[in-house]
Amino acid sequence: MSGEDTPRGDVGADTSAPTGREAVPQVLRGGGERRLRRGAKGRGERSMVPRAEFRDYYGRPVIKAPAWQARDIAGYFFLGGLAGAGSVLAAGAHATGRTSTATALKCSSLGAVSLATAALIHDLGRPARFGNMLRVMKPTSPMSVGSWLLAGYGPLAGGAAVSALTGRLPRTGAAATGAAALLGPAVAAYTAVLAADTAVPAWHDAYRELPYLFCASATAAASGMALAAGPVRENGPARCAAVLAAAADAAAEKAADRSLGMVAETWHTGRAGRLIRAARVLTTAGAAGSALFGGRSRAAACASGLALLAGSACTRFGVFAAGIASAEDPAYTVVPQRERTAARQDG
């Protein structure tokens, strides 16, 4: 994840590749081949031989998968969402006199954004690279915008947390709390734009739905933190937020599934499938537990909060794993491109 811009997948074709019989592409396997056959039948064509698919001339993937480490970047996605959404809930708790919950959320947001920044710098390899991204502001670059967001949001989250813990400069702390809440949604959602701006099929093809999914997941994590760290008497808004976040998370995932088409297979199989299924169970259980028992039992509220936090983390790591899987299999790059081309020609 070095440099100033988001890494994009590069076409792996070699200009010096052989021609003629040596350049005959390999036949698509699995779901991609079935999709091509169904498409040919739908257009009334009769295929005499199996439809061939270009992978590349030497068996390599068509695009290069991002050289991102899951622990660093998927963790960065999760922690950034927790920090941003946590600041929004902290501002609400601060405004309604829920002091203990507000302080807990302010501290968790500061800790989360600090860890997120550390994870990003670790993935970059050298701390100086993060500073280099702040030398210019490029509105067209999600990485540049995100770097400036972190640089602006971090001190605000820190000021809000320090004021809440020490009790000093309450007006300054209140101003920092409000400003961090204004930047919070952007901090929670911009990582989805960062991922969708690549050529990775499982991310790029869901560019409309991914920000909604990340925001819903971030809200689930922040409400889980409020339930786990705040007193029962103050967790009413967090319980409502948890239920709404779980519903929005499920709706966004279904919408992404429809948009992805055959690429949605990467969200439901392998490591990504296991993580996303676990996220669905944990988020649903956490929201249900908080709604039914979170207002009466401290233990239930804490357990529900931890489930919501774990569900949000599984969502981010699952989406990350799906993206890597889709980049490594050329079928998920080429088949959707052929289908879009055929649709334009038929239209």
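Preceding this section is the structure that the text describes.
Residues numbered from 1 in each chain as written. Predicted model: local features only at pLDDT ≥ 70, side-chain atom pairs only at ≥ 80, totals over all residues. Heavy atoms only, no water.

1. Examining the overall build of the protein
1) Next: Assigned secondary structure in the protein consists of 13 helices and zero strands.
2) Next: When its helices and strands are written in sequence order, the protein yields α-α-α-α-α-α-α-α-α-α-α-α-α.
3) Next: Of all 347 residues assigned to the protein, the portion counted as buried reaches 50%.
4) Next: The contacts in the protein between residues at least 6 apart in sequence include a share of 79% that link residues at least 24 apart. (Helix = DSSP H or I, 4+ residues; strand = E, 2+ residues; numbered from the N terminus. Buried < 20%, exposed > 50% of the residue type's maximum accessible area, 1.4 Å probe, protein only. Contact = heavy atoms within 4.5 Å.)

2. Observations regarding the packing of helix H3 (residues 99-124) against helix H5 (residues 142-166)
1) Next: At their nearest, the axes of H3 and H5 sit 8 Å apart, and the two run at 145° to each other. Considering the relative orientation of H3 and H5, their crossing is left-handed. Taken together, the residues of H5 that come into contact with H3 (itself represented by Thr 103, Lys 106, Cys 107, Ser 109, Leu 110, Val 113, Thr 117 and Leu 120) are Leu 150, Tyr 153, Gly 154, Ala 157, Gly 158, Ala 160, Ala 161, Ala 164 and Leu 165.
2) Next: Each residue belonging to the contact of H3 with H5 can be placed in one class, and the counts come to 11 nonpolar, five polar and one charged. (Axes fitted to C-alpha atoms, helices over the stretch in contact; angles between N-to-C directions. Left-handed = near helix turned anticlockwise from the far one by under 90°. Nonpolar A, V, L, I, M, F, W, Y, C, P; charged D, E, K, R; others polar.)

3. As for H3
1) Next: Here H3 is 26 residues long and its end C-alpha atoms lie 38 Å apart, about the 38 Å a rise of 1.5 Å per residue gives.
2) Next: With its phi angle positive at about 100°, Gly 125 sits one or two positions after the end of H3. (Expected span 1.5 Å × (residues − 1).)

4. A few points about the side chain of Glu 234
1) Next: Relative to the elements of secondary structure, Glu 234 occurs in the loop between helix H8 (210-229) and helix H9 (236-260).
2) Next: Within the buried set, Glu 234 has no salt-bridge partner at all; the shortest N-O distance to an opposite charge, 4.2 Å, is to Arg 233.
3) Next: Leave out the neighbours within four places in its chain, and Glu 234 touches Arg 98, Thr 99, Ser 100 and Thr 101. (Lys, Arg positive; Asp, Glu negative; His and termini not counted. Salt bridge = Lys/Arg side-chain N within 4 Å of Asp/Glu carboxyl O.)

5. Here's the deal with the environment of Gly 305
1) Next: Note that Gly 305 resides in helix H12 (residues 298-328).
2) Next: Judged by its relative accessible area of 0%, Gly 305 falls in the buried class.
3) Next: Spatially, the C-alpha atoms of Gly 305 and Thr 283 are 9.4 Å apart, while their sequence positions differ by 22 residues.
4) Next: Aside from chain neighbours lying at most four places away, what touches Gly 305 is Gly 224, Leu 227 and Ala 228.

6. A closer look at the pattern of salt bridges
1) Next: Taken as a whole and judged by the stated rule, the model has one salt bridge.
2) Next: We note a salt bridge from Glu 253 to Arg 280, for which the minimum N-O separation is 2.5 Å. Note that Glu 253 is positioned in helix H9 and Arg 280 in helix H11 (residues 270-292), a separation of 27 residues in sequence.
3) Next: In this structure Glu 253 comes out as buried when scored by relative accessible area, which is 12%.

7. Some words on the packing of aromatic side chains
For any two aromatic rings, the description comes down to two numbers: the centre-to-centre distance and the angle of the planes.
1) Next: The full count for this structure, using the stated rule, is five aromatic pairs.
2) Next: With a centroid separation of 6.4 Å and 75° between ring planes, the pair formed by Tyr 76 and Tyr 190 is classed as edge-to-face. Residue Tyr 76 is found in helix H2 (residues 70-95), and its partner Tyr 190 is found in helix H6 (residues 170-196); the two are separated by 114 residues along the sequence.
3) Next: Take Tyr 190: its relative accessible area is 9%, and that puts it in the buried class.
4) Next: A centroid spacing of 5.7 Å and a plane angle of 55° characterise the contact between Phe 77 and Phe 214, whose relative ring orientation is tilted. (Phe/Tyr/Trp six-rings, centres within 6.5 Å; stacked < 30°, edge-to-face > 60°.)

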